Amino acid sequence: MLAMNYRGPKRVRVSQKPMPEIKHPEDAIVRVTRSCICGSDLHLYNGNVPDTRVGTTFGHEFTGIVEEIGSEVTKVKVGDHVLVPFNIACGRCVFCKQGMFGNCHESNSQATAVGGIFGYSHTAGGHEGGQAEYARVPYANVGPTVIPPGMDPDDAVMLTDVTPTGYQAAEMGGIQPGDTVVVFGAGPVGIMAAKCCWLFGAGRVIIIDQEEYRLEFARNYANCEAYNFREMNDPVVFIKKATDWLGADVCIDAVGAEAAGNTMQTITGRKLLLQAGSATALHWAINSVKKGGVVSIVGIYGPTDNLVPIGNVVNKGITIRANQASVKRLLPRLIEHVQNGVLNPKGLITHRIPLEEVADGYRIFSAKLDNCIKPVLIPPSARM
């Protein structure tokens, strides 16, 4: 089968790889119909995530048609068109039972933090991803969800990560009616987070980024204020001034390891890899939020230490909430929002790229070319 093949930092290509096989009675094999390139895939692509091994296939956002199932799979059947949450979750460990599907203790048993994730390095379990013609899906009685009749596959694939992550970013903020929320990062997740803040009663939503095309997209899609930090002397002072010098009620870090805006953070976190990515956006969030406010983190950082102003967290009485989105927990509500027209996930998609051109897709997305917001890969069989 054709599959994306990681060859080292900034080097990917399509190559022939062996077909996946059933390895456990709860496995399913799906023929991929859509897969996305995620902003967090760029952390892998750029070499910022430890133990990203040559030969790996990325891709944690995908839909597909069930082609084969293990002997103990009962929740899906051959021929079902399913969306596959990026979390690989057993559904029965202590964390899954709490709805923390992003922290499954079985799918990534050698780790003490994150659960298994498709195509996201061996720090997330070493599972092969969905940027391929076929993918093996473990725990097929838990994760794969049949796409409702009439739902556009483009909407469905955006329910595997981007929409739940943006929604949970807003949810973790504990937004109260009338709150001012600042979102750092106008990538797909940040834009979706800004959109979802309104669902929780926000009175004002501000998004901060450095790319004008993304800011304009955010204004139109999320109906929010959008500002370029390159035009500010200090984003923290800007936000304080915009909030009567109190600070925002909630700040969301939707950037993670590759944040720009601070030379020291960029050098130590992105160039020398002395910390788990540049924590610039997290600094801004902590310093911009009001006393007693909430910082919600969905931006991805590596599993090592970061330089974070923890003293400010303590002295301001800030609550920090962070996690991988628990997709399975959120899907019923989000499917309803899509069906009712409350959310339009596919509206974030700007590029539909043949799987065979995955290298160009990564280059365009990484370099922010052609006003790219969200690229989706289409395998050959899904184009027939």
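Heads up: these notes are all about the structure in this document. Note that the coordinates shown come from a computational prediction; the quantities given were computed from them, not determined experimentally.

Notes on empty space enclosed by the protein
For step 1, the next point in the chain: Counted by the stated rule, this structure contains two cavities of 30 Å³ or more.
For step 2, the next point in the chain: Lining the largest cavity we find Pro85, Asn87, Ala89, Phe101, Val142, Gly143 and Lys328.
For step 3, the next point in the chain: Broken down by class, the residue content of the lining of the largest cavity amounts to four nonpolar, two polar and one charged.
For step 4, the next point in the chain: In this structure, the second largest cavity encloses a volume near 30 Å³.
For step 5, the next point in the chain: Lining the second largest cavity, in full, are Val84, Pro85, Asn87, Ile88, Ala89, Phe118, Val137, Pro138, Tyr139 and Gly143.

A word on the nonpolar core
For step 1, the next point in the chain: In this structure, Ile191, Ile207, Ile252, Leu348 and Tyr362 are the most contacted members of the largest nonpolar core, which totals 75 residues.
For step 2, the next point in the chain: At seven residues, the largest contribution of residues to this core is made by helix H4 (residues 188–197).
For step 3, the next point in the chain: Setting aside residues no more than four positions away along its own chain, Leu348 makes contact with Met158, Val162, Pro188, Ile191, Met192, Phe217, Tyr221, Ile373 and Lys374.
For step 4, the next point in the chain: By size, the runner-up hydrophobic cluster in this structure holds 23 residues, among which are Met232, Ala248, Ala260 and Leu282.

Focus: the layout of surface pockets
For step 1, the next point in the chain: Estimates place the volume of the largest pocket at around 840 Å³.
For step 2, the next point in the chain: Around the largest pocket, the lining is made up of 45 residues, and of these Gly39, His43, Arg214, Ala254 and Val255 lie nearest the centre.
For step 3, the next point in the chain: Going through the elements one at a time, helix H1 (39–45), helix H3 (162–172), H4, strand E11 (204–209), helix H5 (212–222), helix H8 (280–288) and helix H11 (358–366) are the ones with two or more residues in the lining of the largest pocket.
For step 4, the next point in the chain: Among the elements that take part in the lining of the largest pocket, H1 stands out by supplying four residues, more than any other.
For step 5, the next point in the chain: Residue composition of the lining of the largest pocket, grouped by class: 24 nonpolar, 14 polar and seven charged.
For step 6, the next point in the chain: Computed from the structure, the second largest pocket encloses a volume of approximately 590 Å³.
For step 7, the next point in the chain: Looking at the lining of the second largest pocket residue by residue, the classes come out as 14 nonpolar, six polar and no charged.

Calculation notes
Residues numbered from 1 in each chain as written. Predicted model: local features only at pLDDT ≥ 70, side-chain atom pairs only at ≥ 80, totals over all residues. Heavy atoms only, no water. 1 Å grid on protein atoms, 1.4 Å probe; cavity = no way out; pocket = protein on both sides within 12 Å on 5 of 7 lines; lining within 4 Å. Points joined across faces, edges and corners; volume = space filled by probe spheres on them. Nonpolar A, V, L, I, M, F, W, Y, C, P; charged D, E, K, R; others polar. Core = buried A, V, L, I, M, F, W, Y, C linked by side-chain atoms within 4.5 Å. Buried < 20%, exposed > 50% of the residue type's maximum accessible area, 1.4 Å probe, protein only. Helix = DSSP H or I, 4+ residues; strand = E, 2+ residues; numbered from the N terminus. Contact = heavy atoms within 4.5 Å.

Bear in mind that shape data such as this cannot, by itself, settle questions of function.
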